[in-house]
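# Inside the fold
Each chain, written out:
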Amino acid sequence: MEQFITVIVKPTMDCNLHCRHCYHQLSDRSPEVMDIKTYERTVKLVTEGFEYSRYIWHGGEPLLAPMSFYKNAFAVQKKYYGKTGCDNTIQTSGSLLNQRFIEFCKSNRVNLGVSYEGGFECGLRPDMDVGLVDSMVEYMAKKGHMFLVSATIHGGNVDKMGEIYDKFRSAGASLSFSPIINMGCAKENPDLILDPDIYVKNAIELFDRWIRDKDVKIPLLPFYPYIMTVLDGVPNISDCPHASCLGRWISVYPNGDVYPCGKACPQEFRLGNINEVESIQELFESRGFRNILIGSIERRKKCKSCEIYDYCNGGCSIDALAEGRLEDQDFVSCRIYKGLMPHIRDTVNDILENKPDMNQFNGFVRDAILSKLINPQVYDASSFQ
């Protein structure tokens, strides 16, 4: 039995918004909602093949599936996982959130991910009700619920990263920055194109500010996982673009079709249908998996001479494909990581070597580095590799 898998579940491909950067084209939308039997088949095969698992509910807009769907889905999980349980995150735009659903998620120990820029969308989400989402973020922060805001950074708001941080820092909302990927709808909107050099410059400035923000109460992603990557010498398990996700992630569409990633994948990477296979391993033995694996291996061969290869494993295959070929290097997310990671590495190593007064750093940085100094094995991400 394998150790761990992440399952992205797309209960529907429908959406109530028209975000200009969506992975998926408008033509991909469909009102179909996943049959609960398809989801149960997924859970059955996952529990038969893996010791631990987590589910990320995506789409489309996953909240267009009715609450009854999630009640049935979590009942299925209870049937197969029992008291052990599993992790769940619902990734939503927040536009359909309400207090009732938030409390439902809390009662089922479900983390909420909210794709939202806090009013700094700058043309990204033209039909977003900012006031509504603000009120839901404020409600969750006040109630102490598990949630993370994911802000997409693009050419129009890259110089607003500090302001976005200030807003969610004040709100007490955990925050992640996600550079836009040039695929799906984003390809049709050139004004959203992100200059990786500008992003790196702004990200380094914000990283240096965040680590010394002694009063901050929120982790800031991807900086915090990157710090853990330096401390452990291998990509943090939460950092899917760099943690060699092939064979460890699947994405299940409403009709049961399975792909290796939650981002829009071409048909040639289809692994099969969850209702037509006898095991998850069978999906990883498919022609579709072989197609993505061969190209990924070729790219990694080219990447091995890079100074940060051990931290990224050649990066994200779908990001590479979005900008050219699976085998190619130097795509935007690659350039961002190569620009940002050495600075974080050098900063962390300088702290480890010189052992300055740790009270000048925020609690997240302080605890991570002190744990490494006191007990080098206290956090070992390699156990998940």
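Scroll up to find the structure this text is about.
A brief report on the enclosed structure follows. The shown structure was predicted, so the numbers you read here are calculated from the model rather than taken from an experiment. (Residues numbered from 1 in each chain as written. Predicted model: local features only at pLDDT ≥ 70, side-chain atom pairs only at ≥ 80, totals over all residues. Heavy atoms only, no water.)

Once that is clear, we can look at the overall build of the chain. On a plain count of helices and strands, the chain comes out with 13 helices and 10 strands. Taking 385 residues into account, the globule formula puts the C-alpha radius of gyration at 21 Å, and the chain, at 20 Å, falls close to it. Referenced to the eigenvectors of the C-alpha coordinate spread, the extents of the chain come out at roughly 55 × 50 × 45 Å. The contacts in the chain between residues at least 6 apart in sequence include a share of 71% that link residues at least 24 apart. Each charge class in the chain was averaged separately, 43 positive and 50 negative side chains, and the resulting centres sit 4 Å apart. (Helix = DSSP H or I, 4+ residues; strand = E, 2+ residues; numbered from the N terminus. Rg over C-alpha atoms; globule rule 2.2 N^0.38 Å. Contact = heavy atoms within 4.5 Å. Lys, Arg positive; Asp, Glu negative; His and termini not counted. Charge placed at Lys NZ, Arg CZ, Asp CG, Glu CD.)

This part is about the pattern of salt bridges. Taken as a whole, this structure holds 19 salt bridges when the rule is applied. Here glutamate 48 makes a salt bridge to lysine 44, at a shortest N to O gap of 2.6 Å. Of the two residues, glutamate 48 and lysine 44 are both situated in helix α1 (residues 36-49); the distance of four residues between them amounts to about one turn of the helix. Glutamate 48 sits in the partly exposed class, given a relative accessible area of 44%. A relative accessible area of 29% places lysine 44 in the partly exposed class. In this structure, arginine 345 engages aspartate 346 in a salt bridge whose closest nitrogen and oxygen atoms are separated by 3.0 Å. Accessibility expressed as a relative area gives 16% for arginine 345, which makes it buried. Three or more residues joined by partner-sharing salt bridges are found here, namely Glu307, Arg345 and Asp346. (Salt bridge = Lys/Arg side-chain N within 4 Å of Asp/Glu carboxyl O. Buried < 20%, exposed > 50% of the residue type's maximum accessible area, 1.4 Å probe, protein only.)

Here the focus is the side chain of threonine 92. Of note, threonine 92 is situated in strand β3 (residues 87-92). At a separation of 2.9 Å, a polar atom in the side chain of threonine 92 contacts the side chain of glutamate 61. Among the polar contacts listed, one links the side chain of threonine 92 to the backbone nitrogen of glycine 94, at a separation of 2.9 Å. Not counting residues up to four positions away in its chain, the partners in contact with threonine 92 are Glu61, Pro62, Leu63, Leu97, Leu112, Gly113, Val114 and Ser115. (Polar contact = N/O pair within 3.5 Å; in protein donor to acceptor, adjacent residues only side chain to side chain.)

What follows is about unusual backbone geometry. With an omega of 10°, the peptide bond running from glycine 59 to glycine 60 counts as cis. Residue placement: glycine 60 occurs in the loop between β2 (50-57) and α2 (67-81). For arginine 109, which is not glycine, the phi dihedral falls at a positive 55°. Here arginine 109 lies in the loop between α3 (99-107) and β4 (111-115). Phi is positive for cysteine 122, which is not a glycine, with a value near 55°.

Attention now goes to the pairing of β3. With five of its six residues buried, β3 lies for the most part within the structure. Bridging between β2 and β3 involves four bridges; their strand directions are parallel. If you follow tryptophan 57 over to β3, its bridge partner there is isoleucine 90. Across four bridges, β3 lies against β4 in parallel orientation. Considered in β4, the bridge of threonine 89 is made with asparagine 111. Viewed along the sheet, the connection from β3 through α3 into β4 turns out right-handed. (Pairing = 2+ DSSP bridges. Right-handed = clockwise from strand over helix to strand, strands pointing away.)

Spatially, β7-β6-β5-β4-β3-β2-β1-β8-β9-β10 is the arrangement adopted by the 10 strands of the open sheet, whose pairing is mixed. In this open sheet, the two strands that pair with only one neighbour each are β7 (220-221) and β10 (272-273). α2 contacts β2 and β3 of the sheet and is inclined by roughly 175° relative to β2. Each of β5 (147-153), β6 (175-179) and β7 touches helix α5 (residues 161-171); the most contacted strand, β6, lies at about 155° to it. (Axes fitted to C-alpha atoms, helices over the stretch in contact; angles between N-to-C directions.)

Relative to each other, helix α6 (residues 196-211) and helix α12 (residues 332-354) sit at 30°, their axes nearing to 9 Å. One way to sum up the angle between α6 and α12 is to call them roughly parallel. Judged by the sense of rotation from one axis to the other, the crossing of α6 with α12 is right-handed. Here Pro196, Asp197, Tyr199, Val200, Ala203, Ile204, Phe207, Asp208 and Ile211 of α6 come into contact with α12, specifically with Val332, Arg335, Ile336, Gly339, Leu340, His343, Ile344 and Thr347. The residue makeup of the contact of α6 with α12, split by class, is 11 nonpolar, three polar and three charged. (Parallel < 35°, antiparallel > 145°, perpendicular 65-115°, else oblique. Left-handed = near helix turned anticlockwise from the far one by under 90°. Nonpolar A, V, L, I, M, F, W, Y, C, P; charged D, E, K, R; others polar.)

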